[in-house]
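# Descriptive analysis of the structure
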Amino acid sequence: MPPVVGGPNFCGRDVTTVFVPQGTAAAYRAAEYWKTKNIVDGAVGVSITVELSQAGTLGEKILAQVQYLNLVNKLKVKGPMNASDFTQIKNVMTGLFSIDLSEATFTAIPNEVFRGKYGLYEAVLPEGLQTIGDYAFSQTMVKKMVLPSTVTTLGHRCFYDCDGLFKVTFPRDLKTMGSEAFRTCDCLDSVRILPGLTAIPDHCFRECTSLKELSLPNTLQTIAYCGFYNSTGLESIVLPESVTYIGESAFSECHSLKNVVLPANLQTLWNYGFYNTQIASVTLPASLTSMGYNVFTGALKKITCMQPAPPILTDDPFVNVTKGSCELVVPSWSVNSYKLANIWCNFYPVSTYDAAAIKYLTVRGELILPDSARPTNKPIVSVLQNG
């Protein structure tokens, strides 16, 4: 007899699969509270292997072994599969907690196939797979995911809100990730993406609150809007030199973030990029041409600018920074330019560093050289339109 449960005794959705004594599953599936769970009859559940010679026959093959598709808890499929087979899995196979497709053949997982199967905690995918569709595994309890080396495309929200997902092995051929692909995967603790990917899309790793280790590829160019927003476990990041664009709120609300190394080729750092972090010191690269509003906040105590002429600021990237006690470090021969420039003129103290190692000097704005202060080592100078 199923026990009476009042309220969220097991933390609501955190318990999704319940193993019950052999022969009692029907009673549990009819009982209040328990009927919302994935009830498994016995200690191991119903496990079957199906070998297909023709795609589109999965349902028939399963019914040759069990009376109903929704009784199957562990499924292994061998052979060709098509959209019809995935429809059977999506619409009828509500009891799955494990699926092994390592010996199946198909190139794409359709949209939403496993979406909302809260009892699913294990999935094995085949080599040859190229695309994982939108919402394919969203709101499942899959714990780890090895993406086959052949996968090139991950769809929108494909692993969205996978509460139990703590490890993902990314493929070497990955080219595209959809927006919000791993949003709210709050157990995901490390991300290592191999070269090939060029963009982290909007909200991709938003609210991955356990994320502590981040390794991004040297092919990456763009981190888009809210890419790592509120990923509060991040403490230190080194961005690859290939990154040229950091979008709005990309690392905003990363409350534990103390250290960031900005790439030497960065051109745009947009609104709220590192808002509400603990970054106390930052070096702005010489390549930086555009900064948005409120990029950094009050924790900032030191800014080192590698630009020979002050970047032209329309909006204030440092609106919440206490400029009167935030040190600004600039090339020795451009100190006057910074002291006279809009927004930069409010920083105190202004100190200098030895810029002797600078080989290329790009002047994007007004550059005022004090008496007897000149660039050393005869750098190659490029004066742009506003210089």
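Each remark here, short or long, concerns the structure printed above.
Just so you know, these numbers come straight off a predicted model, no measurement behind them. (Residues numbered from 1 in each chain as written. Predicted model: local features only at pLDDT ≥ 70, side-chain atom pairs only at ≥ 80, totals over all residues. Heavy atoms only, no water.)

### Things to note about the overall build of the chain
Helix and strand content of the chain: 4 helices and 27 strands. Per-residue burial for the chain yields a buried fraction of 50% across its 387 residues. When contacts within the chain are restricted to residue pairs at least 6 apart in sequence, those whose partners lie at least 24 apart make up 34%. Looking at the chain as shown, the accessible area adds up to about 17400 Å², and 50% of this sits on carbon and sulfur atoms. (Helix = DSSP H or I, 4+ residues; strand = E, 2+ residues; numbered from the N terminus. Buried < 20%, exposed > 50% of the residue type's maximum accessible area, 1.4 Å probe, protein only. Contact = heavy atoms within 4.5 Å. Areas by Shrake-Rupley, 256 points an atom, 1.4 Å probe, with all protein chains shown as cover.)

### Some thoughts on helix H3 (residues 83-91)
Of all the residues in H3, the buried ones are Asp85, Phe86 and Ile89. In a view along the axis of H3, the buried residues occupy a sector of 95°, so they form one face of it. Facing away from the buried side of H3 by more than 90 degrees, the exposed set consists of Ala83 and Asn91. Residue Asn82 occupies the N-cap position of H3, its side-chain oxygen lying 3.1 Å from the main-chain nitrogen of Ser84. (Arc of directions from axis to C-beta. Polar contact = N/O pair within 3.5 Å; in protein donor to acceptor, adjacent residues only side chain to side chain.)

### Digging into the environment of Val146
Secondary-structure assignment places Val146 in strand E9 (residues 144-146). Between the alpha carbons of Val146 and Leu125 there is a distance of 7.5 Å; along the sequence they are 21 residues apart.

### Quick look at the sheet that holds strand E25 (residues 350-353)
In spatial order, the strands read E21-E23-E24-E25; together these 4 strands make up an open sheet with parallel pairing. Across the chains shown, the open sheet's two edge strands, defined by having one partner strand only, are strand E21 (281-284) and E25. On average, each strand axis in the sheet is tilted by 20° relative to the strand beside it, whichever way the strands run. Where strand E24 (residues 327-331) meets E25, 4 bridges bridge the pair, whose relative direction is parallel. Bridged to Val329 within E25 is Ser351. (Pairing = 2+ DSSP bridges. Axes fitted to C-alpha atoms, helices over the stretch in contact; angles between N-to-C directions.)

### Concerning the layout of surface pockets
For the largest pocket, the calculated volume is near 320 Å³. Along the lines of polarity and charge, the residues of the lining of the largest pocket split into 6 nonpolar, 9 polar and 5 charged. (1 Å grid on protein atoms, 1.4 Å probe; cavity = no way out; pocket = protein on both sides within 12 Å on 5 of 7 lines; lining within 4 Å. Points joined across faces, edges and corners; volume = space filled by probe spheres on them. Nonpolar A, V, L, I, M, F, W, Y, C, P; charged D, E, K, R; others polar.)

### Some remarks on the nonpolar core
In this structure, Phe137, Phe182, Phe205, Phe274, Phe296 and Phe318 are the most contacted members of the largest nonpolar core, which totals 95 residues. Ala25, Ala31, Tyr33 and Trp34 belong to the second-largest nonpolar core, a separate cluster that totals 9 residues. (Core = buried A, V, L, I, M, F, W, Y, C linked by side-chain atoms within 4.5 Å.)

### Quick word on the environment of Ser84
You can see Ser84 is positioned in helix H3. Taking the C-alpha atoms as reference points, Ser84 and Leu58, separated by 26 residues in sequence, lie 8.3 Å from one another.

### Regarding the side chain of Ser252
As for its position among the elements, Ser252 is in the loop between strand E18 (245-246) and strand E19 (259-261). Those residues in contact with Ser252, other than ones at most four positions away along the chain, are Tyr229, Asn230, Tyr272, Gly273 and Tyr275.

### A closer look at the sheet that holds strand E12 (residues 176-177)
The sheet built from 4 strands is open, its strands ordered E6-E8-E10-E12 with parallel pairing. At either end of the open sheet lies a strand with only one pairing partner, and these are strand E6 (108-109) and E12. Bridge count between strand E8 (residues 131-132) and strand E10 (residues 153-154): 2 bridges; the pairing is parallel. Within E10, the position partnered with Thr131 by the bridge is Thr153.

### Observations regarding the pattern of salt bridges
Applying the stated criterion across every chain yields a total of 8 salt bridges. The partner of Arg183 in a salt bridge is Glu180, and the shortest N-O contact between them spans 2.9 Å. Linked through salt bridges whose partners overlap, the residues forming this network are Arg157, Glu180, Arg183, Arg206 and Glu207. (Salt bridge = Lys/Arg side-chain N within 4 Å of Asp/Glu carboxyl O.)

### Things to note about the pairing of strand E4 (residues 74-80)
Bridge count for strand E3 (residues 47-51) against E4 is 5 bridges, and the pairing is parallel. Within E4, the residue paired with Ile48 across the bridge is Leu75. In this fold, E3 hands off to helix H2 (residues 58-63), which returns the chain to E4; that crossover is right-handed. Inspection of the sheet shows E4 paired to strand E5 (residues 98-105) by 6 bridges, in the parallel sense. Bridging across to E5, Gly79 finds its partner in Ala104. Taking the sense of rotation as the criterion, the β-α-β connection linking E4, H3 and E5 turns out right-handed. (Right-handed = clockwise from strand over helix to strand, strands pointing away.)

### What to know about the state of the cysteines
One pass over the structure, following the stated rule, counts 0 disulfides. Free of any disulfide, Cys254 has its nearest cysteine sulfur in Cys226, 9.9 Å distant. Note on Cys254: relative accessible area 0%, which makes it buried. (Disulfide = S-S within 2.5 Å.)

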